[in-house]
Amino acid sequence: MSLPFTPTYSSLNTFIGCERAYQAFYVTKEAIKQDTPATLFGSLIHALAEEYAKNSHLSTMPSSDYDDPERHFQHIKQIIDHYKPKSAQVYIEHELNVSKTGQVLDWSDPSGLIRGRNDFICINDQGVAVLIDWKTGKFKEQYFDPKQLQWNALLIFARFPEVQTLYFCYVYTGEGLQKKGKIERKDITALNEQILHWHSRLEYAYQADSWIPKRSGLCKNHCDVLNCRFNGRRQLRL
Ligand code: SF4
């Protein structure tokens, strides 16, 4: 069975974390992911990064009760100022969708393997790409998972055949901390298989209409599926 839309890293990772949560957010839509002060601040910082990467200046520096945007922005500026001038190509908030056979598809094509919007991509004239993701939360070793950029790297290798090596970097904008990795074109078969595995598990779940709850540390306080029987916030409301 084909999927109703091409998954993103975020939707597929929701499915990997808990099928029941995926069902609630993406199938029945009985739950929506709620904005929090942290997610709103994250959107503000991403908008600043996008504006600066495109225009090399900011029209204004907003204020926030949540955290200091200027401090986050200074770390972003350093990175953009480092990479942008020496890149032959720069892409900001770039949307890519690829098929199971590696064809580039339109963003809205539902038949893709995976799609994603990447914060900042730059490619030099030696076929080396750098893929950056701005993280406005604090780095926590126990939750660090490079899968998001590894999977999005597949999109870049498919779209830019000249890219042979890709460096990915999560930038924790509050502290300026960078967590990096490297992927060569020869590594994409293994990545493709990993995504295919989860994509076909998702297809099976749609076909069987089977969505198994998977309890985790999120259930007690951090899951927005309030009508799930394992949701701790639901129990508080009863
Ligand atoms: S409360 Fe837990 S089991 Fe229920 S949907 Fe959320 S993450 Fe899944």
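Here's what I pulled together on the structure shown here. (Residues numbered from 1 in each chain as written. Predicted model: local features only at pLDDT ≥ 70, side-chain atom pairs only at ≥ 80, totals over all residues. Heavy atoms only, no water.)

This part is about the site of the ligand. Close to the ligand lie Cys18, Arg20, Ala21, Pro213, Lys214, Cys219, Cys223, Val225, Cys228, Phe230 and Asn231. Here the residues of the shell around the ligand are counted per class, giving eight nonpolar, one polar and two charged. (Near = heavy atom within 4 Å. Nonpolar A, V, L, I, M, F, W, Y, C, P; charged D, E, K, R; others polar.)

Our next topic: the sheet that holds strand E2 (residues 104–105). The strand order E2-E1-E3-E4-E5-E6 describes an open sheet built from six strands, whose pairing is mixed. The sheet is open, and its two edges are formed by E2 and strand E6 (177–184), each paired on a single side. Relative to strand E3 (residues 114–123), strand E1 (residues 89–98) runs antiparallel, the two sharing nine bridges. Following the sheet pairing, Leu96 is matched in E3 by Gly116. Its contacts with the sheet put helix H3 (residues 37–55) on E1, E3 and strand E4 (128–135), and the angle it makes with E1 is roughly 120°. Sitting on the sheet, helix H4 (residues 69–83) is in contact with E3, E4, strand E5 (165–172) and E6, with an inclination near 170° to E4. (Pairing = 2+ DSSP bridges. Helix = DSSP H or I, 4+ residues; strand = E, 2+ residues; numbered from the N terminus. Contact = heavy atoms within 4.5 Å. Axes fitted to C-alpha atoms, helices over the stretch in contact; angles between N-to-C directions.)

The next thing to look at is the environment of Leu105. Checked against the element boundaries, Leu105 lands in strand E2. Leu105 sits 111 residues away from Ser216 along the chain, and the two C-alpha atoms are 35 Å apart. Here Leu105 is in contact with Asn97, Val98, Ser99, Ser111 and Gly112, once residues within four sequence places are set aside.

A word on the packing of aromatic side chains. To describe a pair of aromatic rings, you give the distance between the ring centres and the angle between the ring planes. In the structure shown here, the tally under the stated rule is 16 aromatic pairs. With 6.0 Å between their ring centres and 85° between their planes, Tyr22 and Tyr206 make a pair best called edge-to-face. Of this pair, Tyr22 sits in helix H2 (residues 19–27) while Tyr206 sits in helix H6 (residues 188–208); the two residues are 184 residues apart in sequence, bridging distant segments of the chain. Take Tyr206: its relative accessible area is 13%, and that puts it in the buried class. Between Phe139 and Tyr172, the aromatic rings sit 5.2 Å apart at their centres with planes inclined by 75°, giving edge-to-face as the arrangement. Residue Phe139 is located in the loop between E4 and helix H5 (147–159), and its partner Tyr172 is located in strand E5; the two are separated by 33 residues in the primary sequence. Both residues of the pair, Phe139 and Tyr172, count as buried. Each member of the aromatic cluster is reached from another via a ring pair, and the members are Phe5, Phe15, Tyr22, Tyr26, Tyr206 and Trp211. (Phe/Tyr/Trp six-rings, centres within 6.5 Å; stacked < 30°, edge-to-face > 60°. Buried < 20%, exposed > 50% of the residue type's maximum accessible area, 1.4 Å probe, protein only.)

If you check H6, its first and last C-alpha atoms are 30 Å apart, about what 21 residues at 1.5 Å a residue would give, namely 30 Å. Those residues of H6 not exposed but buried are Ile188, Leu191, Asn192, Ile195, His199, Leu202, Glu203, Ala205 and Tyr206. In an axial view of H6, the angular spread of the buried residues amounts to 155°, which keeps them on one side of the axis. Looking at H6, the residues exposed on the side facing more than 90 degrees away from the buried face are Thr189, Glu193, Tyr204 and Gln207. Buried-residue contacts for H6 involve helix H1 (9–17), H2, E3, H5 and E6. (Expected span 1.5 Å × (residues − 1). Arc of directions from axis to C-beta.)

Attention shifts here to the pairing of E3. With respect to burial, E3 is a largely interior element, nine of its 10 residues being buried. Bridge analysis of E3 against E4 gives four bridges, and the strand direction is antiparallel. Of the residues in E4, the one forming a bridge with Ile123 is Ala129.

Under the definition given, this model contains zero disulfides. Just so you know, Cys122 is unpaired, no disulfide at all, and the nearest cysteine sulfur is the one on Cys169, 10 Å from it. (Disulfide = S-S within 2.5 Å.)

Time to look at the pattern of salt bridges. Scanning all chains against the criterion turns up 12 salt bridges. Between Asp81 and Lys77 there is a salt bridge, and its shortest N-O distance comes to 2.9 Å. Residue Asp81 and its partner Lys77 are located together in helix H4, separated by four residues, close to a single helical turn. Judged by relative accessible area, which is 33%, Asp81 ranks as partly exposed. As a salt-bridge pair, Lys186 and Asp187 come within 3.4 Å of each other at their nearest N and O atoms. Residue class for Lys186 comes out exposed when judged on its relative accessible area of 67%. We classify Asp187 as partly exposed; its relative accessible area is 28%. (Salt bridge = Lys/Arg side-chain N within 4 Å of Asp/Glu carboxyl O.)

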